[in-house]
Amino acid sequence: LYLAIQTLCNPGDIILVEQPTYFVFLELLRGLDVTPVPMPMRSDGDIDTDGLLSMLLDFKSSRKIEKIKALYLVSYYANPSGHSVSLNAKKRIGRALEEADADIAVIEDAAYRELYFETPHEAPSCMALNEYANMPVLYTSTLTKPFASGLKVGYGYCSDKEWLQKILSIKGQQDFGTANFTQSIAEKVLQKGIFDKHLSALRSTYHSKMLKLHECLDSELKALDWSWAMPLGGLYLWLKSPEDWRTDFDSSFHKDCIESGVMYVPGDLCFAEGKPKDQIRLSFGVLSLDGIREAAGRFLQAASQVEKVCH
């Protein structure tokens, strides 16, 4: 992702992002002096494609559309929201970009695509859709999330040869090539079917962990007017706290949770603009079921203390 932005953008350029989006990507953009601009969103988590087209046309009429270099899409079981972009929305995004007649690339971050719990998400990648045939698309994924975090092996597929060559050139200057040893491990596990076998077990494990975290929080948190949707894959629950209950990075609740020995990602870090103070990301990926139970208990203890203070 860093290489993609480095090769596309100059300081002051714009990348269109979802709300919420991957908070590390937002930090990456700021580090390169590139501006993340949020796209209009629908209540179901998809991009408001009519609003997107209107936004693009406004940029075009003000002669600023050339500053927009790419649209960034976390399309499967997204970090942080767990949302997957619908097939209809993907097609409409492609049509909006085409109708705006602007030279805007698409970066599709599919790091969590294989981590569905039971059934793969309906939508193919942007690479496979006719709506994106005439625009630069970079599809990125990884073996870190679905196989082994220590490998640090990812991959990308770029439809634009010039962009790809720039990425490869800078990558070679920075790391002199991804380590052969870890690539060899990845090659063997893929060829021998070990990856597929491991992934099947991992999906079941993550599903069980998600259900355990949901079960541990469900009755007590919902009694305090917290809300969340159960994801169909990925590693996260995306929670909304009650009205007037701050959970952002600078909130006392966030500090109380850390003091209680439990950490979450404050939702305000995941927004380019607006930065709501009532949303959080909880991860169930690393902990055991017993660890999830313990972490949930610590979280509930911090939440119950806030409730007592409020009353």
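Here the structure is shown first, and the text comes after it.
A quick note: this is a predicted structure, and the numbers were derived from the prediction, not measured.

Caption draft 1: Just the overall build of the protein, in detail. The helix and strand inventory of the protein stands at nine helices and 10 strands. Across its three principal axes, the protein shows a C-alpha extent of roughly 60 × 55 × 35 Å. A burial count over the protein gives 50% of its 311 residues as buried. As presented, the protein carries roughly 15,600 Å² of accessible surface, and 51% of it is formed by carbon and sulfur atoms. Looking at the protein, you have 33 positive and 41 negative side-chain charges, and the mean spots of the two groups are 5 Å apart.

Caption draft 2: Here's a closer look at helix α6 (residues 180-191). Spanning 12 residues, α6 covers 16 Å between terminal C-alpha atoms, matching the ideal 16 Å at 1.5 Å per step. Looking at the buried positions of α6, the neighbouring elements they touch are α7 (194-223). Of the residues trailing α6, Gly 193 is marked for its positive phi of about 80°.

Caption draft 3: Representation of the sheet that holds strand β6 (residues 154-158). In space, the six strands of this open sheet follow the order β2-β1-β3-β4-β5-β6, with mixed pairing throughout. Two strands close off the open sheet at either side, each with one partner strand: β2 (35-38) and β6. Put simply, the sheet's adjacent strands are angled 25° from each other on average, direction ignored. Against the sheet, helix α2 (residues 23-31) touches β1 (14-17), β2 and β3 (68-74), its axis set at about 170° to β1.

Caption draft 4: Local environment of the layout of surface pockets. By volume, the largest pocket amounts to about 1,000 Å³. In terms of lining residues, the largest pocket is bounded by 31 residues, among which Leu 1, Thr 140, Ser 141, Gly 154 and Tyr 155 are the most central. Listing elements by their share of the lining of the largest pocket, those giving two or more residues are α1 (2-8), α2, β5 (137-142), β6 and α5 (161-175). The element best represented in the lining of the largest pocket is β6, accounting for five residues. When its residues are assigned to classes, the lining of the largest pocket shows 18 nonpolar, nine polar and four charged. Reported here for the second largest pocket is a volume of approximately 420 Å³. Only α7, β7 (227-228) and β8 (236-240) provide two or more residues apiece to the lining of the second largest pocket. Element by element, the count of residues in the lining of the second largest pocket is highest for β8, at three residues.

So, how was this worked out
Residues numbered from 1 in each chain as written. Predicted model: local features only at pLDDT ≥ 70, side-chain atom pairs only at ≥ 80, totals over all residues. Heavy atoms only, no water. Helix = DSSP H or I, 4+ residues; strand = E, 2+ residues; numbered from the N terminus. Buried < 20%, exposed > 50% of the residue type's maximum accessible area, 1.4 Å probe, protein only. Areas by Shrake-Rupley, 256 points an atom, 1.4 Å probe, with all protein chains shown as cover. Lys, Arg positive; Asp, Glu negative; His and termini not counted. Charge placed at Lys NZ, Arg CZ, Asp CG, Glu CD. Expected span 1.5 Å × (residues − 1). Contact = heavy atoms within 4.5 Å. Pairing = 2+ DSSP bridges. Axes fitted to C-alpha atoms, helices over the stretch in contact; angles between N-to-C directions. 1 Å grid on protein atoms, 1.4 Å probe; cavity = no way out; pocket = protein on both sides within 12 Å on 5 of 7 lines; lining within 4 Å. Points joined across faces, edges and corners; volume = space filled by probe spheres on them. Nonpolar A, V, L, I, M, F, W, Y, C, P; charged D, E, K, R; others polar.

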